[in-house]
Amino acid sequence: MAMKKEIVTGAEALMRSLKAENVEVIFGYPGGAIMPVFDALFDYTRGAQKAFHHVLVRHEQAAAHAAEGYARVSGRVGVCLVTSGPGATNTLTGIADAMMDSTPIVVIAGQVGIGALGTDAFQEVDWVGLTQPVTKWAYQIRRPEDVAWAVSRAFYIARSGRPGPVVLDFPKNAQIHTCAWQPARCGTSVLTIPIPC
């Protein structure tokens, strides 16, 4: 008998994926294109479900540098959560610094919906294109089904070899649409079946 899979939003899938990576601290600053993720994060910072400590910074650049400092001191991957456009571009100095100093961080930035990409929409920026020269990997999550895999791969890449920064671009429609929850681990699935990284 097949088990019925739980249906979750992409934002909820992100929270579960970060929890699976043993993330404890997230540095960030909210904004329009990342609000579904911050709404999901709220439930993970309180009560019995409490999994994360969110550090609200005053500027996105501070979030990137704080994630760097956390990674250096703790030996873990630093996590930074920001919105699209100028929110994302404010993290570029921290990302470049993490690349030069081999510091593992994962920067997750909101993005306009897939239908608005390439239209000069409000606060749209080619985040993957901008960050490719200063990251180990930059990826746009276009479907909620890809969240678990993308997060697992991001953490694997950030930690492996010469550590460094990874960027995930998360369009708003992928945050709010739903999918069947399926955890993922880069290298193996939950059933230890090899999956491509």
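That block above? That's the structure.
Residues numbered from 1 in each chain as written. Predicted model: local features only at pLDDT ≥ 70, side-chain atom pairs only at ≥ 80, totals over all residues. Heavy atoms only, no water.

### What about the nonpolar core?
Alright, step 1. The biggest cluster of nonpolar side chains holds 37 residues, and the ones touching the most others in it are L14, M15, L18, V106, I108 and L168.
Alright, step 2. Listing elements by their share of this core, those giving two or more residues are α1 (10–20), α2 (35–43), β4 (78–82), β5 (105–111), α7 (147–159) and β7 (165–171).
Alright, step 3. The element that contributes the greatest number of residues to this core is α7, accounting for eight residues.
Alright, step 4. In contact with L14, not counting residues within four places along its chain, are V37, I108, V147, V151 and F170.
Alright, step 5. Counting residues in hydrophobic clusters, the runner-up holds 21 residues, among them C80, A88, V125 and A138. (Core = buried A, V, L, I, M, F, W, Y, C linked by side-chain atoms within 4.5 Å. Buried < 20%, exposed > 50% of the residue type's maximum accessible area, 1.4 Å probe, protein only. Helix = DSSP H or I, 4+ residues; strand = E, 2+ residues; numbered from the N terminus. Contact = heavy atoms within 4.5 Å.)

### What to know about the packing of α1 against α2
Alright, step 1. Running from N to C, α1 and α2 point in directions that differ by 55°, and their axes come no closer than 8 Å. Here α1 lies oblique to α2, going by the angle between them. For the pair α1 and α2, the sense of crossing is right-handed. Only P36, V37, A40 and L41 of α2 make contact with α1, whose side of the interface consists of A11, E12, L14 and M15. (Axes fitted to C-alpha atoms, helices over the stretch in contact; angles between N-to-C directions. Parallel < 35°, antiparallel > 145°, perpendicular 65-115°, else oblique. Left-handed = near helix turned anticlockwise from the far one by under 90°.)

### Focus: the pattern of salt bridges
Opposite charge on two side chains lets them pair, provided their charged atoms get close.
Alright, step 1. For the structure on display, the rule yields eight salt bridges.
Alright, step 2. In this structure, R16 engages E12 in a salt bridge whose closest nitrogen and oxygen atoms are separated by 2.9 Å. Separated by four residues within a single helix, R16 and E12 lie in helix α1, roughly one turn from each other. Summarising the burial analysis for this pair, R16 and E12 share the class buried.
Alright, step 3. For R76, the salt bridge identified is with E24, shortest N-O distance 3.4 Å. Pair noted here: R76 is in the loop between α3 (60–74) and β4 and E24 is in the loop between α1 and β2 (25–28), with a separation of 52 residues, a long-range link.
Alright, step 4. A single salt-bridge network, built from bridges that share partners, covers E68, R72, D97 and D101. (Salt bridge = Lys/Arg side-chain N within 4 Å of Asp/Glu carboxyl O.)

### Here's the deal with the environment of G118
Alright, step 1. By the secondary structure assignment, G118 is in the loop between β5 and α6 (127–131).
Alright, step 2. Residue G118 is classed as exposed on the basis of its relative accessible area, which comes to 68%.
Alright, step 3. Each C-alpha atom, one on G118 and one on S74, is 39 Å from the other, the two residues being 44 residues apart in sequence.

### With respect to empty space enclosed by the protein
Alright, step 1. Evaluation of the coordinates by the stated rule reveals one cavity of 30 Å³ or more.
Alright, step 2. Every residue lining the largest cavity is listed: R16, S17, A20, E21, A148, V151, S152, W181, P183, A184 and R185.
Alright, step 3. Residue assignment for the lining of the largest cavity shows that the elements contributing at least two residues are α1 and α7.
Alright, step 4. When its residues are assigned to classes, the lining of the largest cavity shows six nonpolar, two polar and three charged. (1 Å grid on protein atoms, 1.4 Å probe; cavity = no way out; pocket = protein on both sides within 12 Å on 5 of 7 lines; lining within 4 Å. Points joined across faces, edges and corners; volume = space filled by probe spheres on them. Nonpolar A, V, L, I, M, F, W, Y, C, P; charged D, E, K, R; others polar.)

### Remarks on the environment of R72
Alright, step 1. Here R72 lies in helix α3.
Alright, step 2. Sequence separation between R72 and I105 is 33 residues, and the spatial gap between their C-alpha atoms is 9.8 Å.
Alright, step 3. Residues within four places of R72 in sequence aside, it is in contact with D97, D101 and T103.
Alright, step 4. Within the local environment of R72, its side chain forms a polar contact with the side chain of D97, the two groups lying 3.4 Å apart.
Alright, step 5. Of the polar contacts made by the side chain of R72, one reaches the side chain of D101; its length is 2.8 Å. (Polar contact = N/O pair within 3.5 Å; in protein donor to acceptor, adjacent residues only side chain to side chain.)

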